[in-house]
Amino acid sequence: MKQKQTQDRPHSAWLTYHAVEAITAAIIFVVGVVMMIDGYRIGMGWAFDGPESGYFPFRTGAILCISSVVVFLRTLFGKHRNDNLFVSWDRFKKVLYVLIPTVLYVLATQFIGIYVASVVFIGGFMRAMGKFSWLKIILISVGISAALFWMFEIQFKVSLPKGPLESLLGY
Amino acid sequence: MEDLSNLFHGFAVIFSWYNLGMMAIGLILGVIVGVLPGLGGPNGVAILLPLTFTMNPTSAIVMLSCIYWGSLFAGAITSILFNIPGESHSVATTFDGYPLAQQGRAGEALTASFTGSFVGAFFSVVLITFLAPLVAKFALKFGPPEFFAVYFLTFASFIGTGRDPFKTMIALMIGFGLAQIGMDSVSGQLRLTFGSSELLRGIDFLIAVIGLFGLGEILLSMEEGLKFDGKEAKINVKVVWHTWKKLPKYWVTLLRSSAIGAWMGITPGGATSASFMGYGIAKRFSKNGHKFGTGKLEGVLAPETAAHASGCAALLPMMALGIPGSATAAVLLGGLMIWGLQPGPLLFIEQKDFVWGLIASMYLSNIVGLLIVLTTVPLFAAILRIPFSIIAPVIVVVCAIGAYSVNNTMFNIWAMLVLGVIGYLFKKLDYPLAPLVLALVLGDRAEVAFRQAILGSQGAMSIFFSNMLVSGIMIFGLLLLFWPAIDLGWSKVRGTRPHEGRKTD
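Residues numbered from 1 in each chain as written. Chains lettered and ligands numbered in written order. Predicted model: local features only at pLDDT ≥ 70, side-chain atom pairs only at ≥ 80, totals over all residues. Heavy atoms only, no water.

Colleague: Can you walk me through the overall build of chain A in this structure?
Modeller: Helices and strands together make up the secondary structure of chain A, namely seven helices and two strands. Shown N-terminal to C-terminal, the secondary structure of chain A runs as helices and strands in the order α-α-β-β-α-α-α-α-α. Taken against the 2.2 N^0.38 rule, which gives 16 Å for 171 residues, the C-alpha radius of gyration of chain A at 24 Å runs more than 25% over that of a compact globule. Each of the 171 residues in chain A was classed as buried or not, and the buried ones make up 42%. In chain A, the share of contacts with a sequence separation of at least 24, taken over all contacts with a separation of at least 6, comes to 55%. As displayed, chain A offers around 9,400 Å² of accessible surface, 70% of which is attributable to carbon and sulfur atoms. When the 16 positive and 9 negative side-chain charges of chain A are each reduced to one mean point, those points stand 11 Å apart. (Helix = DSSP H or I, 4+ residues; strand = E, 2+ residues; numbered from the N terminus. Rg over C-alpha atoms; globule rule 2.2 N^0.38 Å. Buried < 20%, exposed > 50% of the residue type's maximum accessible area, 1.4 Å probe, protein only. Contact = heavy atoms within 4.5 Å. Areas by Shrake-Rupley, 256 points an atom, 1.4 Å probe, with all protein chains shown as cover. Lys, Arg positive; Asp, Glu negative; His and termini not counted. Charge placed at Lys NZ, Arg CZ, Asp CG, Glu CD.)

Colleague: So what exactly am I meant to see when it comes to the pattern of salt bridges here?
Modeller: Two side chains bearing opposite charge may form a pair once their charged atoms approach each other closely. All names here are of chain B. On inspection of all chains with the given rule, the structure shows 13 salt bridges over all chains. Here glutamate 217 makes a salt bridge to lysine 427, at a shortest N to O gap of 2.6 Å. Placement of glutamate 217 in helix α9 (residues 205-224) and of lysine 427 in helix α19 (residues 410-428) is noted, with a sequence separation of 210 residues between them. Using a relative accessible area of 24% as the deciding quantity, one classes lysine 427 as partly exposed. (Salt bridge = Lys/Arg side-chain N within 4 Å of Asp/Glu carboxyl O.)

Colleague: I would appreciate a short explanation of the interface of chain B and chain A in the present structure.
Modeller: With 56 residues of chain B in contact, the opposing surface of chain A contributes 66 residues. Surface buried jointly by chain B and chain A totals about 5,600 Å² across both partners, of which 78% is contributed by carbon and sulfur atoms. Looking only at chain B, the three residues that lose the most surface to chain A are Leu51, Met222 and Ile401 of chain B, adding up to 11% of its buried area. Our count for the chain B to chain A interface comes out at three salt bridges. Here lysine 167 of chain B and glutamate 21 of chain A are joined by a salt bridge, their closest N and O atoms 2.8 Å apart. Seen at the junction of chain B and chain A, the total is nine residue pairs in polar contact (both at pLDDT 80 or more). Broken down by secondary-structure element, the contributors of at least two residues to the side of chain B that touches chain A are α8 (165-180), β2 (190-191), α9, α18 (388-407), α19 and α20 (434-456) of chain B. (Buried area = accessible area lost by both parts, 1.4 Å probe. Polar contact = N/O pair within 3.5 Å; in protein donor to acceptor, adjacent residues only side chain to side chain.)

Colleague: Please clarify how the packing of helix α7 (residues 144-161) of chain B against α8 of chain B should be interpreted in this entry.
Modeller: When two helices pack together, their arrangement is captured by the angle between the axes and the distance separating the axes. Residues and elements named next belong to chain B. Interaxial distance between α7 and α8 falls to 8 Å at its minimum, and their mutual angle equals 150°. Looking at the two axes, α7 sits roughly antiparallel to α8. The two elements α7 and α8 cross, and the hand of that crossing is right-handed. Mapping the contact onto sequence places Phe155, Phe158 and Ile159 in α7 and Pro165, Thr168, Met169, Leu172 and Phe176 in α8. Across the contact of α7 with α8, the residue classes tally to seven nonpolar, one polar and no charged. (Axes fitted to C-alpha atoms, helices over the stretch in contact; angles between N-to-C directions. Parallel < 35°, antiparallel > 145°, perpendicular 65-115°, else oblique. Left-handed = near helix turned anticlockwise from the far one by under 90°. Nonpolar A, V, L, I, M, F, W, Y, C, P; charged D, E, K, R; others polar.)

Colleague: Can you walk me through the confidence of the model for chain A in this structure?
Modeller: Detailed reading of the predicted coordinates is not advisable wherever pLDDT falls low. Of all residues in chain A, 92% attain a pLDDT of 70 or more, and the chain-wide mean is 85. Note on residues 1-12 of chain A: pLDDT under 50 across the span, and 20 contacts to partners over four residues away in sequence or across chains. (pLDDT = per-residue confidence, 0-100.)

Colleague: What is the right way to read the side chain of serine 90 of chain B from this model?
Modeller: With respect to the helices and strands, serine 90 of chain B occurs in the loop between α4 (57-82) and α5 (91-102). Of the residues examined, serine 90 of chain B reaches a relative accessible area of 0% and is grouped as buried.

Colleague: Just checking my understanding: could you explain the packing of aromatic side chains for this structure?
Modeller: Each aromatic ring pair is described using two quantities: the centre-to-centre distance and the angle formed by the ring planes. Considering all chains together, one arrives at 28 aromatic pairs over all chains under this definition. Taking the centre distance of 5.5 Å and the plane angle of 75° together, the rings of phenylalanine 142 of chain B and phenylalanine 147 of chain B count as edge-to-face. In this structure, phenylalanine 142 of chain B and phenylalanine 147 of chain B share a single accessibility class: buried. With 4.9 Å between their ring centres and 85° between their planes, phenylalanine 155 of chain B and phenylalanine 176 of chain B make a pair best called edge-to-face. Remark: phenylalanine 176 of chain B occurs in helix α8 and phenylalanine 155 of chain B occurs in helix α7; sequence separation between them is 21 residues. Note on accessibility: phenylalanine 155 of chain B and phenylalanine 176 of chain B belong to one class, buried. Site record: aromatic cluster; members linked through ring pairs are Trp46, Tyr55 and Phe56 of chain A together with Phe148, Phe152, Phe450 and Phe464 of chain B. Taking NZ or CZ as reference, arginine 59 of chain A lies 3.8 Å from the ring centre of tyrosine 55 of chain A, over its face. Lying over the aromatic face of tyrosine 431 of chain B, lysine 167 of chain B brings its terminal NZ or CZ to 5.0 Å of the ring centre. (Phe/Tyr/Trp six-rings, centres within 6.5 Å; stacked < 30°, edge-to-face > 60°. Lys NZ or Arg CZ within 6 Å of the ring centre and 35° of its normal.)

Colleague: Explain unusual backbone geometry here, please?
Modeller: Generally, phi is negative for residues other than glycine and the peptide bonds are trans, each holding for most cases. The residue lysine 131 of chain A is not glycine, and still its phi comes out positive at about 55°. Taking the relative accessible area as the measure of exposure, lysine 131 of chain A reaches 64% and is therefore exposed. Phi at leucine 192 of chain B takes a positive value of approximately 50°, unusual for a residue other than glycine. Counting through the fold element by element, leucine 192 of chain B comes out in the loop between β2 and α9.

Colleague: Help me understand empty space enclosed by the protein, please; the structure alone is not making it clear to me.
Modeller: It is the rolling of a water-molecule-sized probe over the atoms that shows where space remains empty. All names here are of chain B. Here the structure, examined in full by the defined rule, presents two cavities of 30 Å³ or more. Taken as a whole, the largest cavity holds about 60 Å³ of empty space. Lining the largest cavity are Glu198, Arg201, Gly202, Asp204, Asn407, Thr409, Phe411 and Asn412. In terms of residue class, the lining of the largest cavity is built from one nonpolar, four polar and three charged. (1 Å grid on protein atoms, 1.4 Å probe; cavity = no way out; pocket = protein on both sides within 12 Å on 5 of 7 lines; lining within 4 Å. Points joined across faces, edges and corners; volume = space filled by probe spheres on them.)

Colleague: Sorry if this is basic, but what is going on with α9 of chain B here?
Modeller: Note on helix geometry: an α-helix contains 3.6 residues per turn, so any two residues three or four positions apart are oriented the same way. Residue and element names in this part refer to chain B. Counted at 1.5 Å a residue, the expected span for α9 with its 20 residues is 28 Å, and the 27 Å between its end C-alpha atoms agrees. Along α9, the largest kink reaches about 25° and is centred on glycine 211. Of all 20 residues in α9, 18 are buried; the element is thus mostly enclosed. Near the N-terminus of α9, the side chain that reaches the backbone nitrogen of leucine 206, with its oxygen 2.9 Å away, is that of aspartate 204. In the stretch just after α9, glycine 225 is the one whose phi turns positive, near 60°. (Expected span 1.5 Å × (residues − 1). Bend = angle between axes of the 7 residues up to and from the residue.)

Colleague: Looking at this model, I keep getting lost on the environment of glycine 195 of chain B. Mind explaining?
Modeller: If you trace the backbone, glycine 195 of chain B turns up in the loop between β2 and α9. Once the C-alpha coordinates of glycine 195 of chain B and serine 286 of chain B are considered, the two residues, 91 residues apart in sequence, prove to be 61 Å apart.

Colleague: Looking at this structure, how should I read the domain arrangement of chain A?
Modeller: The figure often quoted for interface size is the accessible area lost as the parts come together. Parsing chain A into structural domains produces domain 1 (2-83) and domain 2 (93-168). For domain 1 of chain A and domain 2 of chain A, the distance between their C-alpha centroids amounts to 37 Å. (Domains from an automatic or database assignment.)

Colleague: Just to check I follow, could you spell out the packing of helix α5 (residues 114-130) of chain A against α18 of chain B for this structure?
Modeller: Packing of α5 of chain A against α18 of chain B brings their axes to within 8 Å, and their N-to-C directions diverge by 155°. Considering the angle they form, α5 of chain A stands roughly antiparallel to α18 of chain B. The hand of the α5 of chain A/α18 of chain B crossing is right-handed. Of the residues in α18 of chain B, those touching α5 of chain A at Ile114, Ser118, Phe121, Ile122, Phe125, Met126, Met129 and Gly130 of chain A are Ser389, Ile390, Pro393, Val394, Val396, Val397, Ala400 and Ile401 of chain B. In terms of residue class, the contact of α5 of chain A with α18 of chain B is built from 13 nonpolar, three polar and no charged.

Here's what the structure looks like:
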């Protein structure tokens, strides 16, 4: 789903509602086909005692395919074509402002732990979007992370991903 | 009057400082979750569910259900003060709520909406108290074929009442597909894992809820560039009393909306459609109907009462049959399984403390909830004045933590991220998300019921039409499944345009 959105260019007239609708329907169709193939692989039929394991996946995939074809055709040939812009580049940029840092944040969590990553993530947002002063940024982002640490690791004993800093502190 | 003595027993169960504390925490968290963009009933409960893994089930359900009630109360706050519905079920509340706030009558509108919510909830809880045990008793006779038929009816009713049957169908099938990932519980074969060991465990429904509703919503609010500059929430004893004096004359609206909401909650119509129906019908039947939209108290009461009634009533089929009536109820049902309870009619026999404790807590928490929201609205409205540049990353962090703690794997956070993008896309394209979540939670159970039924009949499909009960449910389900086609055919025959389908969440 993601790469379709990144194909968005400024002033691209084709990225209307019905274009996105059609592309999404096409992707759903492919998902349906994949499910049917996997269902077929493990047996989509009827054994002596009832349905085989692939019986439901195969049929779920088939219904997905049929429904997506209907949505696809209706989008292309239907009477009410929605030619409005799906999302303008300006507005989509704002979505990317959240999405890209979030991807980096999840990546960082894997290496430096969720608490340190959260400090950087929240702080970065406050700096880039909110133009806060560094003092406020540090107070709020460190404060929130510390509060989460206290709540999860100490109060509820739920272990979250930790990195080198936490092991330095003995956790 | 066995029910009443059970209910008193339930009150005895929850009257401990610990449970009352959990109730208060749940309600306050629920209100916070309800006013924040990107968080709502379903994902608020989903994120906090992992924290309750070690709690005793009764305290856990009391806290989590209170989050649900809190979020139902809170949807109105943003609708009235900011003209931004905090939850999809409070969209209809903006129609008359915001005009009232513009006229400087925000306090009245808020009091009316909270009180309406309370009345709706109370109606549904009374209904649950007396109806749920009967339904459960009746359902004890159900075997696998009957259960499959009820699941089928649930799924079919989404198609029958949804706006777009094909998109609803796609949402349902994607939910089933996600449920099928992992090990087949009957044969032990691996399905749709494509050799990935991460997928062995399947995609947990909590991840889907957090991603689709939480992250997806944040992306959407980012794109829409939310700006909260709302009206002041002035609310005091005088305003409350003044408003309460006016309410009795709207008793017809209150009762009607409660009934609509309760019905939409028991059938999986959802709070959103209930609130729209409540508003629409009040508008049609009120003698002030033509003034709706300009700031009438009735226009706030009608949708809020229906929404909260439907939210509460959604727990009736969840407790009695193991079939949730809303997305949030679906998450609560998932919680039951995690705490080691087997959802279904046997709950009423084997887990009396749990069931009646929950019902008793619903009475109490809606009263406490009403007091909390009435007294603390300005505080919660202030939360929305916190800049979005702080709130947005914090919500993302909370979603990530929630996703990770489901079963302590990084894979879940990545899955949540992907589902968040899908949620954003689906919301913009009007694919309904509630059927997806329900299909994901119930998919496995429906399939197991089907296969057990077939095993019992040695492979004959006729088992689903073997007696009056099961064939009745199946036929009703089939009727709902093909309802859009029947409706279309009927209006073609009569030469009129098919009416616009109802709105569902």
